[in-house]
Amino acid sequence: GAVVSQHPSWVICKSGTSVKIECRSLDFQATTMFWYRQFPKQSLMLMATSNEGSKATYEQGVEKDKFLINHASLTLSTLTVTSAHPEDSSFYICRGEGRNGYTFGSGTRLTVV
Amino acid sequence: AQSVTQPDIHITVSEGASLELRCNYSYGATPYLFWYVQSPGQGLQLLLKYFSGDTLVQGIKGFEAEFKRSQSSFNLRKPSVHWSDAAEYFCAVGAQEGGGNKLTFGTGTQLKVEL
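Residues numbered from 1 in each chain as written. Chains lettered and ligands numbered in written order. Predicted model: local features only at pLDDT ≥ 70, side-chain atom pairs only at ≥ 80, totals over all residues. Heavy atoms only, no water.

Student: Before we move on, can you summarise the interface of chain A and chain B with the specific residues and values?
Tutor: The extent of an interface is frequently quoted as the accessible surface area lost upon association of the parts. Of the residues lining the interface, 19 residues belong to chain A; the matching set on chain B comes to 21 residues. Buried area between chain A and chain B, both sides added, is near 1400 Å², and the carbon and sulfur share of it is 55%. A per-residue breakdown of the area chain A buries against chain B is headed by Ser43(A), Tyr102(A) and Phe104(A), which together make up 34% of the total. Joining chain A to chain B, the criterion identifies one salt bridge. Looking at the side of chain A that touches chain B, the elements with two or more residues in it are strand 4 (32-38), strand 5 (44-51), strand 9 (90-98) and strand 10 (101-104) of chain A. Residues belonging to the side of chain A that touches chain B are distributed by class as follows: eight nonpolar, seven polar and four charged. (Contact = heavy atoms within 4.5 Å. Buried area = accessible area lost by both parts, 1.4 Å probe. Salt bridge = Lys/Arg side-chain N within 4 Å of Asp/Glu carboxyl O. Helix = DSSP H or I, 4+ residues; strand = E, 2+ residues; numbered from the N terminus. Nonpolar A, V, L, I, M, F, W, Y, C, P; charged D, E, K, R; others polar.)

Student: Could you give an account of the nonpolar core, naming the residues involved and the relevant values?
Tutor: Counting 26 residues, the largest nonpolar core has Leu19(B), Trp35(B), Leu47(B), Leu48(B), Phe74(B), Leu76(B) and Tyr89(B) as its most contacted members. For this core, the elements supplying multiple residues, two or more each, are strand 2 (10-14), strand 3 (19-21), strand 5 (32-38), strand 6 (44-50), strand 8 (64-68), strand 9 (73-78), strand 10 (87-97) and strand 12 (109-114) of chain B. Judged by nonpolar contacts, the second largest core, of 23 residues, contains Met47(A), Ile69(A), Tyr92(A) and Val112(A). (Core = buried A, V, L, I, M, F, W, Y, C linked by side-chain atoms within 4.5 Å. Buried < 20%, exposed > 50% of the residue type's maximum accessible area, 1.4 Å probe, protein only.)

Student: Any chance you could break down the sheet that holds strand 1 (residues 4-7) of chain A for me, citing the residues and the numbers?
Tutor: Residue and element names in this part refer to chain A. With respect to topology, four strands assemble into an open sheet ordered 1-3-8-7, the strand pairing being antiparallel. Both outer strands of the open sheet, strand 1 and strand 7 (67-73), are each paired with one neighbouring strand and no more. Geometrically, the sheet is characterised by an average inter-axis angle of 15 degrees between neighbouring strands, direction not taken into account. In this structure, strand 3 (residues 19-25) lies alongside strand 8 (residues 76-81), joined through six bridges in antiparallel fashion. Along strand 8, the bridge assignment pairs Glu22 with Thr78. (Pairing = 2+ DSSP bridges. Axes fitted to C-alpha atoms, helices over the stretch in contact; angles between N-to-C directions.)

Student: A description of the pattern of salt bridges should follow, citing residues and the corresponding values.
Tutor: Scanning all chains against the criterion turns up eight salt bridges over all chains. We note a salt bridge from Glu22(A) to Arg24(A), for which the minimum N-O separation is 3.5 Å. In the salt-bridge network here, residues are joined through shared partners; they are Glu64(B), Glu66(B) and Arg77(B).

Student: Before we move on, could you go through the state of the cysteines and cite the residues and values that matter?
Tutor: Note on terminology: disulfide describes a covalent bond linking the sulfur atoms of two cysteines. Summed over the entire model, instances satisfying the criterion amount to two disulfides over all chains. Here Cys23(B) is linked by a disulfide to Cys91(B), with a sulfur-sulfur distance of 1.9 Å. Between Cys23(B) and Cys91(B) the disulfide shows an S-S torsion of about -65 degrees. By sign, it is left-handed. Of the two residues, Cys23(B) sits in the loop between strand 3 and strand 4 (24-26) while Cys91(B) sits in strand 10, which places them 68 residues apart along the sequence. According to the relative accessible area criterion, Cys23(B) is buried, its value standing at 0%. Summary of cysteine pairing: Cys13(A) is not part of a disulfide, and the nearest cysteine sulfur, belonging to Cys23(A), is at 17 Å. Judged by its relative accessible area of 9%, Cys13(A) falls in the buried class. (Disulfide = S-S within 2.5 Å.)

Dropping the structure here:
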């Protein structure tokens, strides 16, 4: 079945630094990648949608200059949290979708100290 | 815009008992509906989905769900719960947007299983 590999699974970083999260679709071409954020004991909230080769579409309230999304190929999409602050600490999870599959990555637990 | 309501934040059942998790959706057209399960600190696993056809959908791990258009519901059921079913369950509705299937999630139901 369709598999999306997400790395890292967890990361701790200092306030003010940037963190990159990668999602790779291993056995299908993810033409669309959705990025979600989940705060503790809350549901998943869509942050942005990206189509391969196009600029991402951000949901209302999500800062596009803070959460940089790159989807340059059909098998790789990245989310970079720039100048991270403690309030950015959350569980970030991607979902790849293509003609032959759609599935979530395993998520990244980001803690900003 | 689509929305999903999961009325029950927490549910506790005894092992071996039956289970029903409620989900109501709001969407103007025929919805794509999903149930996912999430264990603590883990990603999401798809239990089942409804796109069209038979309104009773069978999923993995013995789960099933029934789409009832008249009630805008997609409740998840399992006849006999196992201790390993304890987890967070999310219902989601999908809509085709921008080339992909944009999912909107409910707030989740935390299932506890008493031994």
